[in-house]
Amino acid sequence: MGANKYDRDNWFKGQTYETVLDSMKRHLEAFETGEAVDHESKLSHLAHVACNVMFLMYYERNPEKYGKYDNRMYHKQTRDEDEV
């Protein structure tokens with residue numbers, strides 16, 4: 001989807017969870033407000049949302065490589081509580 005804007009398989013290098021979540025939220029909001037197709041990519045906003053979800057699922061399944069990108073707002077607090 002983003003191959004024209006980003007390097008091929010750029011997501012595989014890793015990016016912060018917040019970056020992925022922000023993108024997902026932007027595309028979902030665009031869809032929610034009536035815009036079905038992203039004007040830049042000419043692809044469905046829902047396809048972008050689904051892609052972002054798959055990125056996060058892959059990152060979650062591979063914490064040894066991607067755990068360092070997990071910067072969710074409440075993640076550290078939850079992690080700290082688990083250690084108590």
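The structure we're discussing is the one just above.
The following paragraphs examine the structure supplied in this document. (Residues numbered from 1 in each chain as written. Predicted model: local features only at pLDDT ≥ 70, side-chain atom pairs only at ≥ 80, totals over all residues. Heavy atoms only, no water.)

1. A word on the nonpolar core
Okay, so step 1: Formed by Tyr 17, Val 20, Leu 21, Met 24, Val 49, Cys 51, Phe 55, Leu 56, Tyr 59, Tyr 66 and Tyr 69, the largest nonpolar core amounts to eleven residues.
Okay, so step 2: If you list the elements that add at least two residues to this core, you get α1 (17–32) and α2 (45–61).
Okay, so step 3: Per-element accounting of this core gives the leading share, five residues, to α2. (Core = buried A, V, L, I, M, F, W, Y, C linked by side-chain atoms within 4.5 Å. Buried < 20%, exposed > 50% of the residue type's maximum accessible area, 1.4 Å probe, protein only. Helix = DSSP H or I, 4+ residues; strand = E, 2+ residues; numbered from the N terminus.)

2. A few points about the environment of His 45
Okay, so step 1: Along the chain, His 45 turns up in helix α2.
Okay, so step 2: The exposure class assigned to His 45 is buried, which follows from its relative accessible area of 3%.
Okay, so step 3: Sequence-wise, His 45 and Leu 28 are 17 residues apart; in three dimensions their C-alpha atoms are separated by 6.7 Å.
Okay, so step 4: Once residues within four sequence positions are removed from consideration, His 45 is found in contact with His 27, Ala 30, Phe 31, Glu 35, Ala 36, Val 37 and Asp 38.
Okay, so step 5: Polar contacts involving the side chain of His 45 include one to the side chain of Glu 35, which spans 2.7 Å. (Contact = heavy atoms within 4.5 Å. Polar contact = N/O pair within 3.5 Å; in protein donor to acceptor, adjacent residues only side chain to side chain.)

3. Here we look at the pattern of salt bridges
Okay, so step 1: Per the counting criterion, the structure on display carries two salt bridges.
Okay, so step 2: Taking the shortest distance from any N to any O, the salt bridge between Arg 72 and Asp 70 comes out at 2.7 Å. (Salt bridge = Lys/Arg side-chain N within 4 Å of Asp/Glu carboxyl O.)

The quantities given are spatial measurements derived from coordinates; they are silent on function.
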